[in-house]
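As a plain string of letters, each chain reads:
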Amino acid sequence: MTTNTVFPADFLWGGAIAANQTEGAWHEGGRGTSNIDMLPIGDKRMPVKLGQVAQPELDETLYYPSHTGIDFYHRYKDDIALLAEMGLKVFRTSISWSRLYPNGDEETPNPEGIAYYRSLFETCREHGMEVLVTLAHFDVPMGLVTGYGSWRSREMITFFTRYAKTCFEEFGDLVKYWITFNEINIILHSPFSGAGLAFQPGENQKQVTYQAAHHVLVASALTVKMIHEMLPAAQVGCMIAGGSFYPYTSKPEDVWQSMLDDHDNTFFIDVQARGYYPSYMKSLLASKGVDAIEMADGDEEILKNTVDFVSFSYYASRTSAHNLDELTANEGNVVKSAKNPYLPTSKWGWVIDPLGLRITMNQLYDRYQKPLFLVENGLGAEDTVAADGSINDDYRIDYFREHIKAMADGIADGVPLMGYIAWGVIDLVAASTGQMTKRYGMVYVDKNNDGSGSLKRSKKKSFDWYKQVIASNGTVLS
Ligand code: BG6
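Here we summarise the structure given alongside this text.

Procedures and definitions
Throughout, residues of each chain are indexed from 1 in the direction in which the sequence is written. With the structure being a predicted model, the display of local features is reserved for residues of pLDDT at least 70 and the display and counting of side-chain atom pairs for 80 or more, all residues being used for whole-chain, interface and lining totals. Water and hydrogen atoms play no part in the side-chain values, which are based on all heavy atoms of the structure. Secondary structure counts use DSSP, requiring at least four H or I residues in a row for a helix and at least two E residues in a row for a strand, with both numbered from the N terminus. As used in this structure description, the phrase polar contact means that two N or O atoms lie within 3.5 Å; if the pair is within protein, one of them must be able to donate a hydrogen and the other to accept it, and residues adjacent in sequence are counted only when both atoms belong to side chains. Residues are treated as being in contact if the distance between any of their heavy atoms lies within 4.5 Å. DSSP bridges decide pairing: two strands pair if at least two such bridges lie between them. Whenever a helix is involved, its axis is fitted only over the stretch in contact; in every case the axis is a line through C-alpha atoms, and angles between N-to-C directions fall within 0 to 180 degrees. One heavy atom suffices: a residue is near a molecule or strand as soon as one of its heavy atoms comes within 4 Å of it. Note on areas: these come from Shrake-Rupley sampling with a 1.4 Å probe, and a residue is covered only by the protein chains present in the view. A 1.4 Å probe that fits but cannot get out identifies a cavity on a 1 Å grid over protein atoms alone, an open set with protein on both sides within 12 Å along at least five of seven lines counts as a pocket, and a residue lines either if it has an atom within 4 Å of a point. In this description, a molecule resides in a pocket or cavity if more than half of its atoms sit within 2 Å of the grid points defining it. Gly counts as polar in this scheme, as do all residues outside two lists: the nonpolar Ala, Val, Leu, Ile, Met, Phe, Trp, Tyr, Cys and Pro, and the charged Asp, Glu, Lys and Arg. Accessibility here uses a 1.4 Å probe with only protein chains present; expressed as a share of the type maximum, an area under 20% marks a residue as buried, one over 50% as exposed, and anything in between as partly exposed. When we speak of the arc, we mean the arc of directions from the helix axis to the C-beta atoms. Every helix has an expected span of 1.5 Å times one less than the residues it contains. Here, a salt bridge means any Lys or Arg side-chain nitrogen found within 4 Å of an Asp or Glu carboxyl oxygen. Any two of the Phe, Tyr and Trp rings considered here, Trp counted by its six-membered ring, make a pair once their centres fall within 6.5 Å; the pair's planes then place it as stacked at under 30 degrees, edge-to-face at over 60, or tilted in between. For a Lys NZ or an Arg CZ to count as sitting over a ring, it must be within 6 Å of the ring centre and within 35 degrees of the ring normal. Grid points are joined across faces, edges and corners, and a volume is the space filled by probe spheres set on the points.

### Comments concerning the side chain of D299
Right, so step 1: Looking at the secondary structure, you find D299 in helix α12 (residues 299-302).
Right, so step 2: Of the polar contacts made by the side chain of D299, one reaches the side chain of R154; its length is 2.8 Å.
Right, so step 3: Excluding residues that lie within four positions of it along the chain, D299 makes contacts with R154, H214 and V218.

### Notes on the sheet that holds strand β2 (residues 90-94)
Right, so step 1: With parallel pairing, the eight strands of this closed barrel are ordered in space as β1-β2-β3-β4-β5-β7-β9-β10. Strand-to-strand twist of the sheet, defined as the mean angle between neighbouring strand axes without regard to direction, takes the value 25°.
Right, so step 2: Summarising the sheet, strand β9 (residues 372-376) and strand β10 (residues 417-423) pair through two bridges and their orientation is parallel. Paired with L374 across the strands is Y420, a residue of β10.

### Some words on the site of the ligand
Right, so step 1: In the vicinity of the ligand lie 14 residues, with Q21, E183, S432, K438 and Y440 positioned nearest.
Right, so step 2: For the ligand, an oxygen atom lies 3.0 Å from a polar atom in the side chain of N182.
Right, so step 3: When the ligand sits alone it has 380 Å² of accessible area, and the protein chains cover 95% of it.
Right, so step 4: More than half of the atoms belonging to the ligand lie within 2 Å of the grid points that define the largest cavity.
Right, so step 5: Its residues assigned to classes, the shell around the ligand comprises seven nonpolar, four polar and three charged.

### Section: helix α15 (residues 461-471)
Right, so step 1: Those residues of α15 lying buried are S462, F463, W465, Y466, V469 and I470. Buried residues of α15, seen end-on, are gathered within an arc of 170° and therefore sit on one face of the element.
Right, so step 2: The inward-facing, buried residues of α15 contact β1 (12-16), α3 (72-84), α14 (394-412), β10, β11 (443-445) and β12 (457-459).
Right, so step 3: Directly after α15, the chain includes N473, whose backbone phi takes a positive value near 50°.

### Concerning the side chain of R396
Right, so step 1: Residue position: R396 is located in helix α14.
Right, so step 2: Accessibility expressed as a relative area gives 0% for R396, which makes it buried.
Right, so step 3: Only 2.8 Å separates the side chain of R396 from the backbone oxygen of R439, close enough to count as a polar contact.
Right, so step 4: Beyond its immediate sequence surroundings of up to four residues, R396 is in contact with L379, A381, D383, R439, Y440, G441, K460 and S462.

### Concerning the environment of K165
Right, so step 1: Structurally, K165 can be placed in helix α7 (residues 155-171).
Right, so step 2: Considering only alpha carbons, one finds K165 and A18, 147 residues apart in sequence, at a separation of 20 Å.
Right, so step 3: In contact with K165, not counting residues within four places along its chain, are M226 and M230.

### Topic: α14
Residues separated by three or four positions in an α-helix point in the same direction, a consequence of the helix having 3.6 residues per turn.
Right, so step 1: The terminal C-alpha atoms of α14, which comprises 19 residues, lie 27 Å apart, in line with the 27 Å expected from a rise of 1.5 Å per residue.
Right, so step 2: Listed in full, the buried residues belonging to α14 are R396, I397, Y399, F400, R401, H403, I404, A406, M407, A408, G410 and I411.
Right, so step 3: Buried residues along α14 sit against β1, α13 (354-368), β9, β10 and α15.
Right, so step 4: Downstream of α14 by a residue or two, G414 has a phi angle that is positive, lying close to 110°.

### Remarks on the pattern of salt bridges
Right, so step 1: On inspection of all chains with the given rule, the structure shows 27 salt bridges.
Right, so step 2: When the shortest N-O distance is used, the salt bridge between K165 and E169 registers 3.4 Å. Linking K165 with E169, this pair stays in helix α7, spanning four residues, or about one helical turn.
Right, so step 3: Judged by its relative accessible area of 39%, K165 is partly exposed.
Right, so step 4: With a relative accessible area of 49%, E169 lands in the partly exposed category.
Right, so step 5: A salt bridge links E301 to K304, with the nearest nitrogen and oxygen atoms 2.9 Å apart.
Right, so step 6: One network of salt bridges, in which partners are shared, links D383, D393, R396, D427, R439 and K460.

### So, the packing of aromatic side chains
Right, so step 1: Enumeration according to the criterion identifies 30 aromatic pairs in this entry.
Right, so step 2: Relative to F159, the ring of Y148 has its centre 4.9 Å away and its plane inclined at 65°; by these criteria the two rings are edge-to-face. One end of the pair, Y148, is in helix α6 (residues 142-148); the other, F159, is in helix α7, and eleven residues separate them in sequence.
Right, so step 3: Among the aromatic residues, those joined into a ring-pair cluster are F7, F11, W13, Y399, F400, Y420, W465 and Y466.
Right, so step 4: Sitting over the face of the ring of Y116, R99 holds its NZ or CZ atom 5.6 Å from the ring centroid.
Right, so step 5: Directly above the aromatic system of W348 lies the positively charged group of K347, at a separation of 5.2 Å from the ring centroid.

### Comments concerning empty space enclosed by the protein
Right, so step 1: Scanning the entire structure with this criterion turns up six cavities of 30 Å³ or more.
Right, so step 2: The calculated volume of the largest cavity comes to roughly 490 Å³.
Right, so step 3: Lining the largest cavity are 35 residues; nearest its centre among them are E183, Y315, N333, W350 and A431.
Right, so step 4: Listing elements by their share of the lining of the largest cavity, those giving two or more residues are α1 (19-22) and α2 (45-49).
Right, so step 5: When its residues are assigned to classes, the lining of the largest cavity shows 15 nonpolar, 14 polar and six charged.
Right, so step 6: If you go around the second largest cavity, you meet 14 residues; those closest to its centre are F181, N182, G194, A195 and V216.
Right, so step 7: Within the lining of the second largest cavity, the residues separate by chemical class into ten nonpolar, two polar and two charged.

Okay, here's the thing in structure tokens:
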């Protein structure tokens, strides 16, 4: 089966991972503890992840998947060589902030961390891949969480911009594309994993969160300004956890709710792409019981530093209802949603909605008129290794095929899309559940939820399939 060739010759087909879900080696090379290192697998994960544990502490009876990840820290050379066989044009990963600044507030960076990322990015370039770096992918040094309350403190802006400046100085010659914050809107839905926010008893959690979001936005804008000044040939984007909110019914109350839910996501990108808070912000905050955000002198001017492109992840659409509490919820995703009766779901309850990707692309471009970049898409599924060692993940190929077709339709609609990056291109730890068995990869990693396994890498059927998609620039999808 083929689609019309709508993909430009320089379309960036890629694969993505994140440091916190792959590297492991949590205390090697001078790395400090990060917020994600406090998330165990199992029942105790969610309260920590959502910020409901005021002072998270490690418990030696529990297993913490990020401490070992998939051992990418030690195996990156072989992993990159294997991924390069697919012909990836771009490799997306993040830098672990606590590998460069172990506590977060040091004046100077850790040289071992710098050496590690230089070597990683050089390896990518040797294999012909451009590098896309996310500066903060669910990653805050724990020293900043315990010492400053993370992003609730304005001081974070200083620490983050110092870290970002180090990245531009040290890696600017190797990295062409940058994203400031991964899925910036996730701070609202998963405050501790998204931004290191752990709430104290009795405080107005929403007030804290929206104020923290403002600090993140100011830090992001200052970072964008710095890139434009220091690395004029580079491009920088913002990133949203994408997926439109459909109204559950045509009842105006449901349509209005879907607009409110959309606004709660898009205000971040409105600021980052347009350079100012949207007009609906005051009423949005009021509807959440949040007083006006405290702005410092000069913030409005800083926010005028807008991004070059708008990137987004797309896994699923969402469904809004004014009476969500009375309806069946769609389980499995931190973003609250009603169950959409028209869509199938994955084993983890994420709806599968390729047309939703076309809708999201059109809506984002209508709104921002900036190039878009789809930097995460994929299906979390259980894989079985057959007796002969093969892994026949046709369900994943089907998911990718339908989404690539929808993306092609979106491009044909006139949306300028810079590239498509498959998420978790090598199996990694799931951000939501901490499981290894929720696999996204085209490369299988022999590791189980309890940490056991040989860590051996094997190609899945989707590996050769994606290779052919890239080689044909998206025209051969069979
Ligand atoms: C996005 C994140 O939210 O979704 C990734 O940027 C994450 O870090 C991905 O892994 C898929 O979610 P999960 O929970 O299935 O790993």
